[in-house]
Structure formats: C-alpha cells, structure tokens
Amino acid sequence: MHTFSNHPIGLLPVEQNYDPSKPSIPEFFANRDIFITGGTGFMGKVLIEKLLRSCPRVNNIFILIREKKQKTITERIHEIQKLPLFDTLRSEQKELFAKMVPVQGDVSMVGLGLSVDDIERMRNVSVIFHVAASVRFDDPLKAAILLNTRGTRELIRFAEQLPSLRVVMHVSSTYSNPDRYVIEEEIYPAYANWRDTIRIAETFDEQTLDVLANKYMGFLPNTYVFTKSLAEQIVNEHKNRLPLILFRPSIVISSMKDPIPGWMDNFNGPVGLLVGCGIGICRTMYCDPNNIADFTPVDVCIKAMIVAAWKRGTEPVQR
C-alpha cells in the first residue's frame, strides 16, 4: 500500500528517471471503468471534471449517488453538469457528460446500498476513488461510524469482487492522527478497534453512543477524525490483498486555477472565514499567531490523486 500525506500534493514520491514504457496518465485511464464515491461532494465534482477533461478516453465513470430532496440520481447528475465548474467541458466536449453514470446507493448502508444489477454492470471497474465521507465535526458518533468507518469496510468488500481492479484510493485526512505534530507516510497505532466500533454502532442507539462518545474517543476532538482514523486501519489491514492507496490531503480549499480560479461550492472549513475577511465583515480574529494554516487548493489535490492512482495502477499487480 502507498501512503501519500500532507500538502500540497501529498508528498508524492517522484521517480528520478521516467520509464518510457509506462503509459501516460491519459493512456492509463483510457477505456477504463472508474467508480467514485462522494462524487456529488466538493472534491468529487472536481475529480470527475478533471478526469473527463484530461482523460477523455475514459470509458465510464460510475458515481454512487442517493436520492435527495425528492430528486432522482439522474436529476442530481444533471444539476452537477450545469455548475460553472463544468463550463469548459460543456463548451468544448459536452458529449463526455454521457460517461457520467449515476448509480443508486449510499455509503452508510451495508453493501453500499448497491443492487445486484448495478454490481454486475460495474464488474469491469478497475479504478476506485473512495472520496465519500461526512466532514462535519459534530455528527453523532453512530452516524459518523456508519458512514466514515463502516462505509470504508463496505467499499473494500465491493473492491474485492472486481477481477480487473488496478487501484483503490481511499481519501483520508492529514488530521486523522491529531496527536502527532508531523505526519509521516505511515500508519499509526489505532485509537480503538474498528471491528468493535462498527459492532457497537450497529448495536446501540444514537443517544446511548452520544453519552459514551467522549469516553470512547479519548482525547480525539471530534467524531470526524476518530472515524476517519479507524478507516485508515481498515485500509491498512487489506494492503496485501488489494492495490491500495491511502491519500491524506490537508484542509482542501477553493481551486487555484484549474479549470477556473477560486471555484468553491460550500463554506466548509476555513472558507467562510476567508470570505468574511475578503468582503470586510471579519476584521479581527482571536487566535494563536504561531498556528499554521495548512491549506491545499482543490485542483492541486485532485491532480495529485490522479497522478498517485496512475503511479499505483502502472505497477505490477500483486493479489
């Protein structure tokens, strides 16, 4: 398993001598079926746009989506395609939108909520980007476990069924190990047993878990980092059976330039503060001036993810 950490491109190891026998990135992704969870989220949208625009010969991009606010999965895909993020693609290669294939499902459900028919039509998937996660810090512990931790287990189980699999990327976070000032490219000791944690979440109700949350999580500050750290343990346990990548971006913010500068579709993390400062509403802030604001532009992050997947996918398969 490869682990890429920190900012701005995950400390991606670069080979000194490029191997001309390896396919280029567009050549590697050509004719491949790709499966993406979290494709309706901020990073997922940028990932899809970049894959279509820069690797136009990709076959299908299957996007796991659940119905939401009385909108079908097809309607949600069409809404995404109308975003300014897709303006360049829409004006230059609109026909590529047909490669965005919505798949009904939910990461928080057992089996990802996939139907037998959808599992069969995704049988040729060879690249997986597991981006889906709840990034809220105040989610109830039960909900965070089922989505961030058990969802990763279910994704791994799906990946194990794919005969043509070349790479599975699990998107984690630099902050999954908040007790360490420096994050190396390694897996750190678990804060809890992930199997026991999933079993507890499946057994007890939300109110009971909320009462036990602070005690169970120990010093970890919120349910997000706790459940994402457990997901890393799941990935680590399967590293010898699947072609895995553990990717740890830092705080992902708006795009730097690709395909448009400054694109963002939410006010998560520091963006709300940055907007407030930019328009003059927020003029002062109480903080430690020695703290480092470790931000990564989303387009830089997505490029690193694609390069990392290419690097792992062009290495010999050992399964």
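Residues numbered from 1 in each chain as written. Predicted model: local features only at pLDDT ≥ 70, side-chain atom pairs only at ≥ 80, totals over all residues. Heavy atoms only, no water.

- Under an unreviewed UniProt entry, the protein chain has the name Fatty acyl-CoA reductase and belongs to Anopheles christyi.
- The UniProt entry for the protein chain carries the following comment under Function (unreviewed entry): "Catalyzes the reduction of fatty acyl-CoA to fatty alcohols." (UniProt positions renumbered as here; feature names shortened; annotations may be inferred.)

### Observations concerning the UniProt feature "domain: Thioester reductase (TE)" (unreviewed entry) in the protein chain
And step 1. The sites that carry the UniProt feature "domain: Thioester reductase (TE)" (unreviewed entry) are, in the present numbering, residues 36-305.
And step 2. The straight-line gap between the two end C-alpha atoms of residues 36-305 is 12 Å; of that span, 39% is helix and 13% is strand. (Helix = DSSP H or I, 4+ residues; strand = E, 2+ residues; numbered from the N terminus.)

### Quick word on the environment of Lys69
And step 1. Within the element layout of this structure, Lys69 appears in the loop between strand 3 (61-65) and helix 3 (73-81).
And step 2. Note on Lys69: relative accessible area 67%, which makes it exposed.
And step 3. Between the C-alpha atoms of Lys69 and Lys228, which are 159 residues apart in sequence, the distance is 27 Å. (Buried < 20%, exposed > 50% of the residue type's maximum accessible area, 1.4 Å probe, protein only.)

### A look at helix 8 (residues 206-217)
And step 1. Of all the residues in helix 8, the buried ones are Leu209, Ala213 and Met217. All buried residues of helix 8 project into a common sector of 70° when viewed along the axis, lining one side. Seen from the buried face of helix 8, the exposed residues on the opposite side, beyond 90 degrees, are Gln207, Val211, Asn214 and Lys215.
And step 2. Check the buried side of helix 8 and you find it contacts helix 6 (141-159), helix 7 (194-203) and helix 9 (223-237).
And step 3. Put simply, Asp205 is the residue that caps the front of helix 8, since its side-chain oxygen is 3.2 Å from the backbone nitrogen of Gln207.
And step 4. Positive backbone phi, approximately 65°, marks Gly218, located one or two places after helix 8. (Arc of directions from axis to C-beta. Contact = heavy atoms within 4.5 Å. Polar contact = N/O pair within 3.5 Å; in protein donor to acceptor, adjacent residues only side chain to side chain.)

### A word on the packing of aromatic side chains
And step 1. For the structure shown, the criterion picks out 7 aromatic pairs.
And step 2. Seen from their ring centres, Tyr216 and Phe226 are 5.7 Å apart, and the 75° between their planes marks the pair as edge-to-face. Highlighted residues: Tyr216 in helix 8 and Phe226 in helix 9, separated in sequence by 10 residues.
And step 3. The exposure class of Phe226 is buried, given its relative accessible area of 0%.
And step 4. Seen from the ring of Trp310, Lys22 lies directly overhead, with NZ or CZ sitting 5.6 Å from the centre. (Phe/Tyr/Trp six-rings, centres within 6.5 Å; stacked < 30°, edge-to-face > 60°. Lys NZ or Arg CZ within 6 Å of the ring centre and 35° of its normal.)

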